[in-house]
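Chains, contacts and geometry: an overview
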Amino acid sequence: MTTPHDGEPAKAALRDRFVARRRGRSPAERATAAAAVTTTLLRQLARVRTLAAFVPDETEPGTGRLPAAFTQLGARVLLPVVPETGRELGWAVDTGRLAPGRFGLLEPVGPRLGPTAVGAAEVVVVPALAVDRAGTRLGRGGGYYDRALRHTRPGAVVVALVFDDELVDRLPALDHDRPVSAVVTPDGGWQALPAGR
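All of the points below concern the structure found in this document. (Residues numbered from 1 in each chain as written. Predicted model: local features only at pLDDT ≥ 70, side-chain atom pairs only at ≥ 80, totals over all residues. Heavy atoms only, no water.)

1. Brief notes about the sheet that holds strand E6 (residues 123-127)
Strand order across the open sheet formed by seven strands is E3-E2-E1-E6-E9-E11-E12, with mixed pairing between neighbours. This sheet does not close on itself; its edge strands, each paired only once, are strand E3 (90-93) and strand E12 (189-192). When the angles between neighbouring strand axes are averaged without regard to direction, this sheet yields 25°. Bridging between strand E2 (residues 76-81) and E3 involves four bridges; their strand directions are antiparallel. Across the sheet, Pro80 pairs through a bridge with Trp91, a residue of E3. (Pairing = 2+ DSSP bridges. Helix = DSSP H or I, 4+ residues; strand = E, 2+ residues; numbered from the N terminus. Axes fitted to C-alpha atoms, helices over the stretch in contact; angles between N-to-C directions.)

Dropping the structure here:
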């Protein structure tokens, strides 16, 4: 682990690089990636009863397909709700109706559940800008998902969605970072990581 003083500038520089690369991807590449990660997730999550996931933005793998594709699972799907203040995600059941929330992110319409609702999920699908082979996840820097993952139940599978070139050998890790146990990439499919073994 690195100290916050050492790790934050390095993570900020990496975020900038990965965000710029994502913005440069073509619509065709994004559509192909969305189809591939969706197919993988539906196959791997076929027996899941409760799933927590997210609504990908236009630059993320899965955009335009997730979470709508999860209706094929017949599972209860929880989606995050970014609070008006603070950095602790709430959750709501996905009913198929989404509306813009804080930061313009789409979130479910309906009753809000508290931060601990994610503890009901067997699998939690999280966004990431990059993931390393040890399970370290590089997020956007707000800490929302690191806080949310404190509430997952023991044995829950935490899987991040990234493009193939965003699965890297090593990322800086800080003490508060929560590792993921698997990663899904368009070409590599579902890959278990050491945190999940």
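Once you've had a look at it, read on.
2. Section: the pairing of E2
By the criterion of burial, E2 is predominantly enclosed, with five of the six residues buried. Bridging between strand E1 (residues 50-52) and E2 involves three bridges; their strand directions are parallel. Considered in E2, the bridge of Thr50 is made with Arg76. (Buried < 20%, exposed > 50% of the residue type's maximum accessible area, 1.4 Å probe, protein only.)

3. Side note on the nonpolar core
Core analysis: the largest hydrophobic core is formed by 45 residues, its most contacted members being Leu45, Leu51, Phe70, Trp91, Val125 and Val131. Contributing elements (two or more residues each) for this core: helix H2 (27-44), E1, E2, E6, helix H3 (144-148), strand E9 (157-161) and strand E11 (182-185). With sequence-adjacent residues up to four places away left out, Val125 is seen in contact with Leu41, Leu45, Leu51, Ala52, Ala53, Phe54, Val159 and Leu161. Counting eight residues, the second largest nonpolar core, distinct from the first, contains Ala130, Leu138, Val168 and Leu171. (Core = buried A, V, L, I, M, F, W, Y, C linked by side-chain atoms within 4.5 Å. Contact = heavy atoms within 4.5 Å.)

4. Some points on the pattern of salt bridges
According to the stated counting rule, one finds nine salt bridges in the structure shown. Arg22 is the salt-bridge partner of Glu166, the closest N and O atoms lying 2.7 Å from each other. Of this pair, Glu166 sits in the loop between E9 and strand E10 (167-168) while Arg22 sits in helix H1 (residues 4-23), and the two are 144 residues apart along the sequence. Neither residue differs from the other here; Glu166 and Arg22 are each classed as buried. Across the pair Asp169 and Arg133 runs a salt bridge whose closest N-O atoms are separated by 3.1 Å. Within this pair, whereas Asp169 is found in the loop between E10 and E11, its partner Arg133 is found in the loop between strand E7 (130-132) and strand E8 (137-138), the two being separated by 36 residues in sequence. Owing to a relative accessible area of 61%, Asp169 belongs among the exposed residues under this scheme. Linked through salt bridges whose partners overlap, the residues forming this network are Arg21, Arg22, Arg25, Glu29, Asp165 and Glu166. (Salt bridge = Lys/Arg side-chain N within 4 Å of Asp/Glu carboxyl O.)

5. Section: the sheet that holds E8
Strand order across the open sheet formed by three strands is E8-E7-E10, with mixed pairing between neighbours. Of all the strands in the sheet, the pair left with one neighbour each is E8 and E10. In this sheet, E8 lies alongside E7 in antiparallel orientation, the contact comprising two bridges. The partner of Ala130 across the bridge, within E8, is Leu138.

Geometric descriptors of this kind do not, in isolation, establish any biological role.
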